Amino acid sequence: MNFFLAALGVLGVASSGPLIAATLGATTVSALAIAFWRNAIGAAVMASPTLVREPRQFGRITKREFRWCLLAAIALAFHFACFITSLQLTSVAAATALVCLQSAWIAVFQLFRGTRHRWQVLAGLGIAFGGVVAITGFDMGSSPQALLGDLLAVAGGALAGLYTLAGGKARQSMTTGTYTTLCYGMCAAFVAVMALLAGQPLAGFEAAGWLGILAITVCAQLVGHTAFNHLLATMSPLLVSMIILLEIPGAALLAAVFLKETLPAGTYAGLGLILAGLAVVVTGQRSGRSGRRGRPARNGQEEPPSDRPLAELGTD
């Protein structure tokens, strides 16, 4: 059963990039419309069970929780804007690999916050960002448009890292349903404002466009990440984190088969470097935490470590 759910989860998250690229290329759906409806539908789906079981949860949200949710929602809104737009400019394989750098960006942000990483994490960061240099280097020589798409995907990965860190702070005291409903709902509102300012429509699409939006939301947002969240209760977080990394080759394979996407050999080498580097980062961080206990709190109780499981990093 776990193998089936893992395969379903990988297929769900790996289909995100190809489905978005296909929808943008074959319909009149705008990039921000995909981001808006994906989050709006996700918020509605997550709100339903929470409102039925614990309707008072939303009235107990503190100012601290709301501030962290707000920061997470803003970062998520700009993440989607950058990533989805990048899929219109560069290859699906490159955009997916570059946006998946969020776990590496989290490690970088932690470095600036004074966290001391093990040498394996630092080595993994070097390998992963070496892959970034390889991909952007090839695109720089082939197409300025593709290079811009690469840079947007990298920015999307950094914003996803910020979203995860802010969400981790909020999740220390919030339930999953309450947090995701509030965060996705605010993200949808921010994206709607961005669409208004950019002049991108959020409705009025043909049937194929709505079908694409629904497929993206169901496959990536609801099926993919729901499968991984379930696996976290039955499998090692390290193993789940490693399985999620299969999104990178999975997206490249789906794009090659269904979108007939072909890339230079150097770009595929860059994808491999990113995948290998992120695997080293994940295993290095997990090994460093295996013996760590929570920090003593001011009230004498033990606080849990502040870092969220890397298996919860998925946004696409």
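Here we summarise the structure given alongside this text.

Calculation rules
- Residues numbered from 1 in each chain as written.
- Predicted model: local features only at pLDDT ≥ 70, side-chain atom pairs only at ≥ 80, totals over all residues.
- Heavy atoms only, no water.
- Helix = DSSP H or I, 4+ residues; strand = E, 2+ residues; numbered from the N terminus.
- Buried < 20%, exposed > 50% of the residue type's maximum accessible area, 1.4 Å probe, protein only.
- Contact = heavy atoms within 4.5 Å.
- Areas by Shrake-Rupley, 256 points an atom, 1.4 Å probe, with all protein chains shown as cover.
- Patch = residues over 30% accessible without salt bridge, like charges linked within 9 Å, V, L, I, M, F, W, Y side chains within 5 Å.
- Salt bridge = Lys/Arg side-chain N within 4 Å of Asp/Glu carboxyl O.
- Phe/Tyr/Trp six-rings, centres within 6.5 Å; stacked < 30°, edge-to-face > 60°.
- Axes fitted to C-alpha atoms, helices over the stretch in contact; angles between N-to-C directions.
- Left-handed = near helix turned anticlockwise from the far one by under 90°.
- Nonpolar A, V, L, I, M, F, W, Y, C, P; charged D, E, K, R; others polar.
- Expected span 1.5 Å × (residues − 1).
- Bend = angle between axes of the 7 residues up to and from the residue.
- Core = buried A, V, L, I, M, F, W, Y, C linked by side-chain atoms within 4.5 Å.
- Arc of directions from axis to C-beta.
- Lys, Arg positive; Asp, Glu negative; His and termini not counted.
- Polar contact = N/O pair within 3.5 Å; in protein donor to acceptor, adjacent residues only side chain to side chain.

1. Side note on the overall build of the protein
Consideration 1: A count of helical and extended segments in the protein gives 13 helices and 0 strands.
Consideration 2: Relative to its full complement of 316 residues, the protein shows a buried share of 52%.
Consideration 3: Long-range pairs, those at least 24 residues apart, make up 83% of the contacts in the protein between residues at least 6 apart in sequence.
Consideration 4: As presented, the protein carries roughly 14,300 Å² of accessible surface, and 68% of it is formed by carbon and sulfur atoms.

2. Looking at a nonpolar patch on the surface
Consideration 1: Side chains of Leu253, Val257, Phe258 and Leu259 sit close together on the surface and give an oily, nonpolar patch of about 410 Å² of accessible area.
Consideration 2: Looking at where leucine 253 falls in the secondary structure, it is placed in helix α12 (residues 247–258).

3. Here's the deal with the packing of aromatic side chains
Consideration 1: Summed over all chains, the structure comprises 5 aromatic pairs.
Consideration 2: Measuring from ring centre to ring centre gives 4.9 Å for phenylalanine 36 and tryptophan 37, while their planes differ by 80°; the resulting arrangement is edge-to-face.
Consideration 3: Owing to a relative accessible area of 25%, tryptophan 37 belongs among the partly exposed residues under this scheme.
Consideration 4: Centroid distance tryptophan 37 to tryptophan 210: 5.4 Å. Interplanar angle 75°. Geometry classified as edge-to-face. Placement of the pair is tryptophan 37 in helix α3 (residues 31–53) and tryptophan 210 in helix α10 (residues 207–231), with a sequence separation of 173 residues.
Consideration 5: Taken together, the aromatic side chains of Phe36, Trp37, Phe205 and Trp210 make up a single cluster linked through ring pairs.

4. A look at the packing of helix α1 (residues 2–14) against α10
Consideration 1: One way to put it is that α1 packs onto α10 with a least axis distance of 8 Å and a crossing angle of 145°. Crossing of α1 against α10: the hand is left-handed. Contact residues: α1 offers Asn2, Leu5, Ala6, Leu8, Gly9, Val10, Gly12 and Val13, while α10 offers Cys219, Ala220, Val223, Gly224, His225, Ala227, Phe228, His230 and Leu231.
Consideration 2: Classifying every residue of the contact of α1 with α10 gives 11 nonpolar, 6 polar and no charged.

5. Here's the deal with the packing of helix α6 (residues 102–112) against helix α8 (residues 144–171)
Consideration 1: α8 packs onto α6 with a crossing angle of 65° between their chain directions and a minimal axis gap of 8 Å. α8 is crossed by α6, and the crossing has right-handed handedness. In this structure, α6 uses Gln102, Trp105, Ile106 and Phe109 to contact α8, whose residues at the interface are Val154, Gly157, Ala158, Ala160, Gly161, Leu162, Thr164 and Leu165.
Consideration 2: Partitioned by chemical class, the residues of the contact of α6 with α8 number 8 nonpolar, 4 polar and no charged.

6. Focus: unusual backbone geometry
Consideration 1: Although it is not a glycine, lysine 260 sits at a positive phi angle of roughly 55°.
Consideration 2: Here lysine 260 is to be found in the loop between α12 and α13 (265–289).
Consideration 3: Under the relative-accessibility criterion, lysine 260 is labelled exposed at 66%.

7. Comments concerning α10
Consideration 1: Between its first and last C-alpha, α10 extends 34 Å over 25 residues, near the 36 Å set by a 1.5 Å rise per residue.
Consideration 2: Along α10, the sharpest kink reaches roughly 30°, centred on valine 218.
Consideration 3: Looking at α10, one finds that the buried residues are Gly209, Gly212, Ile213, Ile216, Thr217, Ala220, Gln221, Gly224, His225, Ala227, Phe228 and Leu231.
Consideration 4: Those residues of α10 that are buried lie in contact with α1, α2 (16–26), α3, α4 (63–86), α9 (176–198) and α11 (237–244).

8. A look at the nonpolar core
Consideration 1: Ile84, Leu101, Ile274 and Leu278 are the most contacted members of the largest nonpolar core, which totals 72 residues.
Consideration 2: Contact partners of isoleucine 274, with chain neighbours within four places excluded, come to Ala97, Leu98, Leu101, Ala128, Gly131, Val132, Ile135 and Ile248.
Consideration 3: In this structure, Leu5, Ala6, Val13 and Met235 belong to the second largest nonpolar core, which totals 10 residues.

9. A short note on α11
Note: α-helices contain 3.6 residues per turn, so residues at a spacing of three or four share the same orientation.
Consideration 1: Looking only at α11, the buried set comprises Val240, Ser241, Ile243 and Ile244. Buried positions in α11, seen along its axis, are confined to an arc of 160° and lie on one side of it.

10. Some details on the environment of isoleucine 20
Consideration 1: Residue position: isoleucine 20 is located in helix α2.
Consideration 2: A C-alpha to C-alpha distance of 7.5 Å links isoleucine 20 and leucine 87, two positions 67 residues apart in sequence.
Consideration 3: For isoleucine 20, the contacting residues outside a window of four places in its chain are Ile34, Arg38, Phe83, Ile84, Leu87 and Ile216.

11. Describing the side chain of glutamate 65
Consideration 1: For glutamate 65, the position within the fold is in helix α4.
Consideration 2: Despite its burial, glutamate 65 pairs with no opposite charge; the closest candidate is arginine 64, at 5.5 Å N-O.
Consideration 3: Within the structure, glutamate 65 has its side chain in polar contact with the backbone nitrogen of threonine 62 (distance 3.0 Å).
Consideration 4: When neighbours within four sequence positions are excluded, glutamate 65 is seen to be in contact with Arg60, Ala170, Ser173 and Met174.

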